[in-house]
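A structural walkthrough
Residue-level listing of the chains:
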There are 2 protein chains.
Amino acid sequence: MHISIEQIRQFSNQCFTKLDMPQEEAEIITEVLLEADLREIHSHGFLRLPIYIERIQKGLITNKADIHIEKENAATVVMDGNFGAGQVVAYKAMEKSIEKAVENGIGLVAVKNSNHFGITAYYSLMAAKQDKIGIVISNVAPLMPAIGGAEKVIGNNPISIAAPAAEGNSIVLDMALSNTAYGKILFAKEKNQQIPEGWGIDAKGLPTKNPDHVINGGFLSPVGGPKGFGLAVMGEILTGVLTGGHFSKMIPSMYDLNQKQSISHFLLTIDIKQLIPLEVYYSSMKQLISYIKDSKKAEGTEHIYLPGEIEFLKEARNREVGVPMQGETFKKLNEIARELNINALTL
Amino acid sequence: MHISIEQIRQFSNQCFTKLDMPQEEAEIITEVLLEADLREIHSHGFLRLPIYIERIQKGLITNKADIHIEKENAATVVMDGNFGAGQVVAYKAMEKSIEKAVENGIGLVAVKNSNHFGITAYYSLMAAKQDKIGIVISNVAPLMPAIGGAEKVIGNNPISIAAPAAEGNSIVLDMALSNTAYGKILFAKEKNQQIPEGWGIDAKGLPTKNPDHVINGGFLSPVGGPKGFGLAVMGEILTGVLTGGHFSKMIPSMYDLNQKQSISHFLLTIDIKQLIPLEVYYSSMKQLISYIKDSKKAEGTEHIYLPGEIEFLKEARNREVGVPMQGETFKKLNEIARELNINALTL
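Residues numbered from 1 in each chain as written. Chains lettered and ligands numbered in written order. Predicted model: local features only at pLDDT ≥ 70, side-chain atom pairs only at ≥ 80, totals over all residues. Heavy atoms only, no water.

So, the overall build of chain A
On a plain count of helices and strands, chain A comes out with eleven helices and twelve strands. For 347 residues, the compact-globule formula gives about 20 Å, and the C-alpha radius of gyration of chain A, at 20 Å, lands near that figure. Seen along its three principal axes, the alpha-carbon backbone of chain A occupies a region of about 50 × 50 × 45 Å. A burial count over chain A gives 59% of its 347 residues as buried. Long-range contacts, defined here as pairs at least 24 residues apart, represent 66% of the contacts in chain A between residues at least 6 apart. Summed over all atoms, the accessible surface of chain A reaches about 13,200 Å², with 49% contributed by carbon and sulfur. Taken as two groups, the 34 positive and 39 negative side-chain charges of chain A have centres that lie 4 Å from each other. (Helix = DSSP H or I, 4+ residues; strand = E, 2+ residues; numbered from the N terminus. Rg over C-alpha atoms; globule rule 2.2 N^0.38 Å. Buried < 20%, exposed > 50% of the residue type's maximum accessible area, 1.4 Å probe, protein only. Contact = heavy atoms within 4.5 Å. Areas by Shrake-Rupley, 256 points an atom, 1.4 Å probe, with all protein chains shown as cover. Lys, Arg positive; Asp, Glu negative; His and termini not counted. Charge placed at Lys NZ, Arg CZ, Asp CG, Glu CD.)

The following block contains the structure:
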């Protein structure tokens, strides 16, 4: 089913303002969730609204962000998100990162005590929309073992890099560091299929092709083994360690309703025109895009896509037809509507 | 066989100074090659000396680096390496990146018109040895196809991130973006073995488990498919595009002796103490290391290693016994000794 963008926007804003969140903050969260569903990254879209609401109601996410700058130098800032909504904290931090880049060519804002912030690409794209390159990393609750481990110690810490392109959409990478999403393990089980090598580890820490062994006490594998593990470790350092915040086993799951999460983010901006003239940059981007998209295709392949291109195509289509939504999510959102006494979503 | 560090150092320096390279530049190249062999990254060690010598003799790498700053802002620099030796250019660029970080909290030097610079970790570790985090990326000649492609368009662009640790060695990631090294494909062929899923692509652009199909007109696969491909594309943008330098199909192989290479690098430094007190950082690192190394081990695993740890262990051992060297490399180096009229290496 598809919901009109205006309807879901109003609905989501009302949910948050009903909890005494300022309109501006409600709108930031709504836009990040909306963007995820439009790009069909549904795992990070309105599906998450119920857990955010629940965490705000329990005071685990504050309904008024009280962000403050802990340390500021010429080109770097450490921010304390003070348990505000992750989207609000990261949005403000990225604005600051861009400001620092405008002043110095490059700007880094490192944030602690934040929360789950939705799709990472939202923030890197804030930079790309202003002729800048954005690099954003976050840590999350631990999800993967070390290489040779049999216990969750490291998040599948997302990385997004966005670079503006000559014409049309930016090139934007947005990836987590597990080889695959947990949903694909569940899907294989449902279909009674084996999973490919490298996707999963069993409870003993050994590689497995049996989805049941991943689901029952096993783990997702880091992408490329030591490579994904290494990037994930560096992600913890660049976020939780570099800010004096939390990392690894200090971070509880966002579905644990007894504890605050304390997530850290790394938000870097490079102001392209302070390095080379924008026309040189955009001309090189056009050339790079052409090298890639016009390269010889594999047998059976019709189009070669750039990082993020498929998501932009989905977004363009969904902006016409409305936000795609699963029946289950629709139902849960309307339970919240009843609880908060706001108008239900309609088809 | 093992060669004493002092002997190989003198030998290598002499090779380069015989070609009228200044002593300082010869020493920089030597130290980077030496470090690679000590860490047992032999593909980037003295094995490469012959091709460097040949390229210098042909004027494809200049024997006196004439590096200049093309553009400098508060925290960013664009450098033109002017076809100097990659090690010399990257070393000077990293010094400048560290200087910028000391001034501003973070510093970025982006370099064009450089050459193959050896192991990426050498430069990120320059930052880590000074209580800083180093992030270094380089592009290289194209080696991998796009996802759905059947033509080399993108390098397996190396990324290194180094972060100093509380005690002992830094944590250092140094990875290329192919799933595996070409040498492992050759090894599987030699052993008449299949290669695992995800390592290789045949000439038609389709996945293959047959090493012959990779070797005969096929390709290495990016690590994690679209993830490695996406990181490699971003690597091209952060190096060749961001500097107005070369990228993708513009870059010839280093074994093509008719053309200059024009490699670009991205060298970023973060001055940790301008974000948080060093004692807080080091205490968090100690905690992170303990979470990882002391985590529950997989069945059959005795030790969990941090990124770069195995290489540090190898280096420590080799500093005692000397530089490990293949007979073939030894032979080739002594052919060069004869040609340049310097003392041969002895065992």
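On we go from here.
A few points about the interface of chain A and chain B
Facing the 83 residues of chain A at the interface are 83 residues of chain B. Around 6,600 Å² of area is buried between chain A and chain B when both sides are counted, 73% of it from carbon and sulfur atoms. Counting every contact that joins chain A to chain B gives two salt bridges. A salt bridge links Glu-299 of chain B to Lys-204 of chain A; the shortest N-O distance between them is 3.6 Å. At the boundary of chain A and chain B, one finds 17 residue pairs in polar contact (both at pLDDT 80 or more). With eleven residues, the single largest contributor to the side of chain A that touches chain B is helix α8 (residues 226-241) of chain A. Its residues assigned to classes, the side of chain A that touches chain B shows 52 nonpolar, 19 polar and twelve charged. (Buried area = accessible area lost by both parts, 1.4 Å probe. Salt bridge = Lys/Arg side-chain N within 4 Å of Asp/Glu carboxyl O. Polar contact = N/O pair within 3.5 Å; in protein donor to acceptor, adjacent residues only side chain to side chain. Nonpolar A, V, L, I, M, F, W, Y, C, P; charged D, E, K, R; others polar.)

A short note on the relation of the copies chain A and chain B
Superposing chain A onto chain B requires a rotation of 180° together with a translation of 0.0 Å along the rotation axis, leaving an RMSD of 0.0 Å. Accordingly, the operation relating the two chain copies is best matched by a two-fold axis. No C-alpha of chain A approaches the rotation axis more nearly than that of Gly-224 of chain A, which lies at 3.0 Å. Of the residues that chain A buries at the interface, 100% are likewise interface residues in chain B, meaning the two copies contact each other through the same surface. (Least-squares fit on C-alpha atoms with pLDDT ≥ 70 in both.)

Quick look at the nonpolar core
Ranked by internal contacts, the top residues of the largest apolar core, which has 93 residues, are Ile-133, Ile-237 and Tyr-281 of chain A together with Ile-133, Ile-237 and Tyr-281 of chain B. Ignoring sequence-local partners within four residues, the contact set of Ile-237 of chain A consists of Leu-242 of chain A together with Ile-133, Ala-163, Ile-171, Tyr-281, Met-285 and Leu-288 of chain B. (Core = buried A, V, L, I, M, F, W, Y, C linked by side-chain atoms within 4.5 Å.)

Details of the sheet that holds strand β9 (residues 207-208) of chain A
Residues and elements named next belong to chain A. Pairing is antiparallel across the open sheet formed by three strands, whose spatial order is β9-β8-β10. What marks the edges here is a single partner per strand, and that holds for β9 and β10 (219-220). Note: strand β8 (residues 200-201) against β10, two bridges, orientation antiparallel. Across the sheet, residue Ile-201 finds its bridge partner in β10, namely Phe-219. (Pairing = 2+ DSSP bridges.)

Overview of the environment of Lys-92 of chain A
Residues and elements named next belong to chain A. Mapping Lys-92 onto the fold places it in helix α4 (residues 86-104). You can call Lys-92 partly exposed: its relative accessible area is 25%. As for Lys-92 and Val-280, which are separated by 188 residues in sequence, their C-alpha atoms are 30 Å apart. What Lys-92 contacts, discounting residues up to four positions off in sequence, is Glu-24, Ile-28, Ile-67 and Met-79.

Concerning the pattern of salt bridges
All names here are of chain A. This model, assessed by the stated rule, comprises 38 salt bridges over all chains. For Arg-319, the salt bridge identified is with Glu-315, shortest N-O distance 3.0 Å. One end of the pair, Arg-319, and the other, Glu-315, are both in helix α10 (residues 309-321), four residues apart, so they sit about a helical turn from each other. Owing to a relative accessible area of 9%, Glu-315 belongs among the buried residues under this scheme. Via salt bridges that share partners, Glu-35, Arg-39, Glu-315 and Arg-319 belong to a single interconnected network.

Digging into helix α1 (residues 5-18) of chain B
Residues and elements named next belong to chain B. If you check α1, its first and last C-alpha atoms are 20 Å apart, about what 14 residues at 1.5 Å a residue would give, namely 20 Å. Taken together, the buried positions of α1 are occupied by Ile-5, Ile-8, Phe-11, Ser-12, Asn-13, Cys-15 and Phe-16. Of the surrounding secondary structure, the elements contacted by the buried residues of α1 are β1 (2-3), α2 (23-38), α3 (49-57), α10 (309-321), β12 (323-324) and α11 (327-340). In the stretch just after α1, Asp-20 is the one whose phi turns positive, near 65°. (Expected span 1.5 Å × (residues − 1).)

Things to note about the domain arrangement of chain A
All names here are of chain A. Taken domain by domain, chain A consists of domain 1 (2-178 + 222-276 + 323-340) and domain 2 (179-221). Contacts between domain 1 and domain 2 engage twelve residues on the former and nine residues on the latter. Interface area, domain 1 with domain 2, both sides summed: about 710 Å², of which 65% is carbon and sulfur. The interface formed by domain 1 and domain 2 holds zero salt bridges in total. The interface formed by domain 1 and domain 2 contains one residue pair in polar contact (both at pLDDT 80 or more). Considered class by class, the residues forming the side of domain 1 that touches domain 2 number seven nonpolar, three polar and two charged. (Domains from an automatic or database assignment.)

What about helix α4 (residues 86-104) of chain B?
For α4 of chain B, with 19 residues, the first-to-last C-alpha span of 26 Å sits near the 27 Å given by 1.5 Å per residue. A positive backbone phi angle near 95° is found at Gly-105 of chain B, which sits one or two residues after α4 of chain B.

Some remarks on the packing of aromatic side chains
Within the structure shown, the criterion is met by eight aromatic pairs over all chains. Centre to centre, the rings of Phe-247 of chain A and Tyr-291 of chain B are 6.2 Å apart; their planes meet at 65°, and the pair counts as edge-to-face. A residue pair is termed interchain when its members come from two chains, as with Phe-247 of chain A in the loop between α8 and β11 (263-271) and Tyr-291 of chain B in helix α9 (residues 278-293). Judged on exposure class, the residue Phe-247 of chain A and its partner Tyr-291 of chain B are both buried. Ring pairing ties together the aromatic residues Phe-117, Tyr-122 and Tyr-123 of chain A, which thus form one cluster. Stacked on the ring of Phe-312 of chain A, the Lys or Arg Arg-39 of chain A has its end atom at 4.5 Å from the ring centre. Its end group placed over the ring of Tyr-122 of chain A, Lys-129 of chain A keeps NZ or CZ at 6.0 Å from the ring centre. (Phe/Tyr/Trp six-rings, centres within 6.5 Å; stacked < 30°, edge-to-face > 60°. Lys NZ or Arg CZ within 6 Å of the ring centre and 35° of its normal.)

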